[in-house]
Amino acid sequence: MIVRILGEGQYDLDDHALDALNGLDSQIERAIESGDESMFRMALEGLLAAVRSSGTHHDPDSLDESDLILPPPDATIDEVRELLGDDGLIPG
């Protein structure tokens, strides 16, 4: 699976990493629903850190399409709210 962090690049992740990412995604959703900026910031940072630590950099010269697109670390709660689908940022 290829995950893009906007403004940063793509990472290759094994499909089994989705379980951990889904838990962090749920925290982001809860923070957005409650309007808790500090919980949102902590959850977003955790999600992006998990992608970075679980994945390896995807070849920057590759034209491969991303399977998931995540917001940049400086995204606001309102910007991420607009990106959320029915399943959050990470489907499943």
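Residues numbered from 1 in each chain as written. Predicted model: local features only at pLDDT ≥ 70, side-chain atom pairs only at ≥ 80, totals over all residues. Heavy atoms only, no water.

**Quick word on the nonpolar core**
One broad trend across soluble globular proteins is that nonpolar side chains are buried collectively.
Part 1: Ranked by size, the top nonpolar core spans 24 residues in total, and within it Ile28, Phe40, Leu47, Val51 and Leu70 carry the most contacts.
Part 2: Looking at this core, the elements with two or more residues in it are β1 (2–5), α1 (18–34), α2 (37–54), β4 (68–70) and α3 (77–83).
Part 3: For this core, the element with the most residues is α2, which contributes seven residues. (Core = buried A, V, L, I, M, F, W, Y, C linked by side-chain atoms within 4.5 Å. Buried < 20%, exposed > 50% of the residue type's maximum accessible area, 1.4 Å probe, protein only. Helix = DSSP H or I, 4+ residues; strand = E, 2+ residues; numbered from the N terminus.)

**Section: the side chain of Ser66**
Part 1: Here Ser66 shows up in the loop between β3 (56–57) and β4.
Part 2: Separated by 3.4 Å, the side chains of Ser66 and Arg4 make a polar contact.
Part 3: Among the polar contacts made by the side chain of Ser66, one reaches the side chain of Gln10 at a distance of 2.7 Å.
Part 4: Not counting the four nearest positions on each side in its chain, Ser66 is found in contact with Ile2, Arg4 and Gln10. (Polar contact = N/O pair within 3.5 Å; in protein donor to acceptor, adjacent residues only side chain to side chain. Contact = heavy atoms within 4.5 Å.)

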